[in-house]
Amino acid sequence: MNNLDIFHTVCGLSSKMVTQKYSTSFAWASTLFKPDIRQHIYNIYGFVRFADEIVDTFHGYDKAQLLAEFESCYRSAADKGISLNPILHSFCRTLHEKNIPAHLVDSFLDSMRMDLGVIRNFNDSRYNEYIYGSAEVVGLMCLKVFVDGNDEEYERLKPYAQSLGAAFQKINFLRDIAADFNDLNRTYFPEVDFSKFSLGDKQRIEEDIARDFAHAFIGIKMLPISSRMAVFMAYKYYLNLFLKIRNTEPALLLTKRIRVSNARKIYLFGEMLLNKNLNLVRL
């Protein structure tokens, strides 16, 4: 292994560590990918996680400047093929190797910039634009890795990947209402007043998520075997989170972040390994 290969490896390990530290459930699910896919998924996760942390976590700092610097360094890395930022270096390697379209990354960064502004009173168009950029395009980046250059398969599976990303993001919105509304002054869902959040509001959102889940599940069963079980595992984690949220009163969501316990995650992981049967899932 020459020194450049060592540099690539160190950068890849950085993206892996970001995945493991920020999301145990996603890190566990990622172990089910074939090895040649797994690192690329870590690389994508590291990139989107760091951008998300800038807009959601770095309070007391100039978030707009940090995001602009992050984007500038990304564009330089994408152009030159190298970066001393290990997360950006790893991501751009995946970007080039898997021919991920630049417009997907541009849409993602557009949504991150939206989070720097006022997220209130979204209309349907703005809401859908945000969902696409913050979540659906991440699913499409991963899909580019899964199909490994098969453009016909990519086009066939695109709608399902978008539905899965949308479902995950909408569940995140419900899970994070307490922080988003109370701390960050954000209201993503159109025509929902969280100061008067009702059971009817919650049920309408949940019906929309259920449709996304049902559509996404069709596509999961069509994924290549090298990625199918890992995506299914992530689906199961989020499905369980969704079911917990569905059984939670609206008022409680405004005060508490709902989560799936590590014990439950381990159980789901073991159950999936034992039966490996996607048809056992029901929404």
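Note that the structure is predicted; figures quoted are calculated from it, not measured.

**As for the overall build of the chain**
And step 1. Helix and strand content of the chain: 13 helices and 0 strands.
And step 2. When the helices and strands of the chain are placed in sequence order, the string is α-α-α-α-α-α-α-α-α-α-α-α-α.
And step 3. Its C-alpha atoms give the chain a radius of gyration of 19 Å, within 12% of the compact-globule value 19 Å for 283 residues.
And step 4. When the backbone C-alpha atoms are referred to their principal axes, the chain occupies close to 60 × 50 × 35 Å.
And step 5. Scored against the burial criterion, the 283 residues of the chain give a buried share of 53%.
And step 6. Within the chain, contacts between residues at least 6 apart in sequence are counted, and of these 72% link residues at least 24 apart.
And step 7. With an accessible surface of roughly 13,700 Å², the chain has 52% of that area assigned to carbon and sulfur atoms.
And step 8. Averaging the positions of the 35 positive and the 33 negative side-chain charges in the chain gives two centres separated by 8 Å.

**Comments concerning the packing of aromatic side chains**
By convention here, two paired aromatic rings are described through the distance between centres and the angle between planes.
And step 1. Inspection of the entire model under this criterion finds 23 aromatic pairs.
And step 2. Both rings, one in Phe-26 and one in Tyr-45, keep their centres 5.1 Å apart while their planes meet at 20°; by these two values the pair is stacked. Of this pair, Phe-26 sits in helix 2 (residues 24-30) while Tyr-45 sits in helix 3 (residues 35-56), and the two are 19 residues apart along the sequence.
And step 3. Overall, Phe-26 belongs to the partly exposed group, its relative accessible area being 24%.
And step 4. Residue classification places Tyr-45 among the buried positions, given a relative accessible area of 11%.
And step 5. For the pair Phe-173 and Tyr-188, a centre-to-centre distance of 4.1 Å together with 5° between the ring planes defines the contact as stacked. With a gap of 15 residues between them, Phe-173 in helix 8 (residues 151-175) and Tyr-188 in the loop between helix 9 (177-183) and helix 10 (199-220) connect regions that are remote in the sequence.
And step 6. Take Phe-173: its relative accessible area is 5%, and that puts it in the buried class.
And step 7. Look at Tyr-188 and you get buried, because its relative accessible area is 5%.

**Comments concerning the state of the cysteines**
And step 1. Tallied over the full model, the rule gives 0 disulfides.
And step 2. Just so you know, Cys-92 is unpaired, no disulfide at all, and the nearest cysteine sulfur is the one on Cys-73, 10 Å from it.

**Some points on the nonpolar core**
And step 1. The biggest cluster of nonpolar side chains holds 85 residues, and the ones touching the most others in it are Phe-47, Tyr-74, Phe-108 and Phe-213.
And step 2. Element by element, the count of residues in this core is highest for helix 11 (residues 225-246), at 13 residues.
And step 3. When residues no more than four places from it in sequence are discounted, the contact partners of Tyr-74 are Phe-47, Leu-88, Phe-91, Cys-92, Leu-95, Val-105 and Leu-109.

**Regarding the packing of helix 8 against helix 11**
And step 1. At their nearest, the axes of helix 8 and helix 11 sit 10 Å apart, and the two run at 35° to each other. Judged by the sense of rotation from one axis to the other, the crossing of helix 8 with helix 11 is left-handed. Two secondary-structure elements touch here, helix 8 through Leu-164, Phe-168, Ile-171, Asn-172, Leu-174 and Arg-175 and helix 11 through Val-231, Ala-234, Tyr-235, Tyr-238, Leu-241, Phe-242 and Ile-245.
And step 2. Grouping the amino acids of the contact of helix 8 with helix 11 by side-chain chemistry returns 11 nonpolar, 1 polar and 1 charged.

**Quick look at the packing of helix 1 (residues 3-22) against helix 3**
And step 1. Look at helix 1 against helix 3: their axes get within 8 Å of each other, and the N-to-C directions meet at 65°. Note on packing geometry: the crossing formed by helix 1 with helix 3 is left-handed. Of helix 3, the residues touching helix 1 (which contributes Gly-12, Ser-15, Lys-16, Val-18, Thr-19 and Tyr-22) are Gln-39, Tyr-42, Asn-43, Tyr-45, Gly-46, Arg-49, Phe-50 and Glu-53.
And step 2. Residues of the contact of helix 1 with helix 3, tallied by class, amount to 5 nonpolar, 6 polar and 3 charged.

**Brief notes about the pattern of salt bridges**
And step 1. Under the defined criterion, the tally for this structure stands at 19 salt bridges.
And step 2. Put simply, Arg-156 and Glu-153 hold a salt bridge, and the shortest N to O gap is 2.9 Å. Note that Arg-156 and Glu-153 are positioned in helix 8 at a spacing of 3 residues, about one turn of the helix.
And step 3. Taken together, the shared-partner salt bridges in this structure form one network comprising Glu-71, Arg-75, Asp-106, Asp-110 and Arg-113.

**With respect to unusual backbone geometry**
And step 1. One non-glycine residue, Asn-99, lies in the positive phi region at around 55°.
And step 2. In this fold, Asn-99 is placed in the loop between helix 5 (86-97) and helix 6 (102-114).
And step 3. On the basis of relative accessibility, which here comes to 55%, the residue Asn-99 falls in the exposed class.

**Examining the side chain of Ser-15**
And step 1. Mapping Ser-15 onto the fold places it in helix 1.
And step 2. Taking relative accessible area as the criterion, Ser-15 reaches 0% and is therefore assigned buried.
And step 3. Those residues in contact with Ser-15, other than ones at most four positions away along the chain, are Gln-39, Tyr-42, Asn-43, Pro-86, Ile-87 and Ser-90.

Conventions used here
- Residues numbered from 1 in each chain as written.
- Predicted model: local features only at pLDDT ≥ 70, side-chain atom pairs only at ≥ 80, totals over all residues.
- Heavy atoms only, no water.
- Helix = DSSP H or I, 4+ residues; strand = E, 2+ residues; numbered from the N terminus.
- Rg over C-alpha atoms; globule rule 2.2 N^0.38 Å.
- Buried < 20%, exposed > 50% of the residue type's maximum accessible area, 1.4 Å probe, protein only.
- Contact = heavy atoms within 4.5 Å.
- Areas by Shrake-Rupley, 256 points an atom, 1.4 Å probe, with all protein chains shown as cover.
- Lys, Arg positive; Asp, Glu negative; His and termini not counted.
- Charge placed at Lys NZ, Arg CZ, Asp CG, Glu CD.
- Phe/Tyr/Trp six-rings, centres within 6.5 Å; stacked < 30°, edge-to-face > 60°.
- Disulfide = S-S within 2.5 Å.
- Core = buried A, V, L, I, M, F, W, Y, C linked by side-chain atoms within 4.5 Å.
- Axes fitted to C-alpha atoms, helices over the stretch in contact; angles between N-to-C directions.
- Left-handed = near helix turned anticlockwise from the far one by under 90°.
- Nonpolar A, V, L, I, M, F, W, Y, C, P; charged D, E, K, R; others polar.
- Salt bridge = Lys/Arg side-chain N within 4 Å of Asp/Glu carboxyl O.

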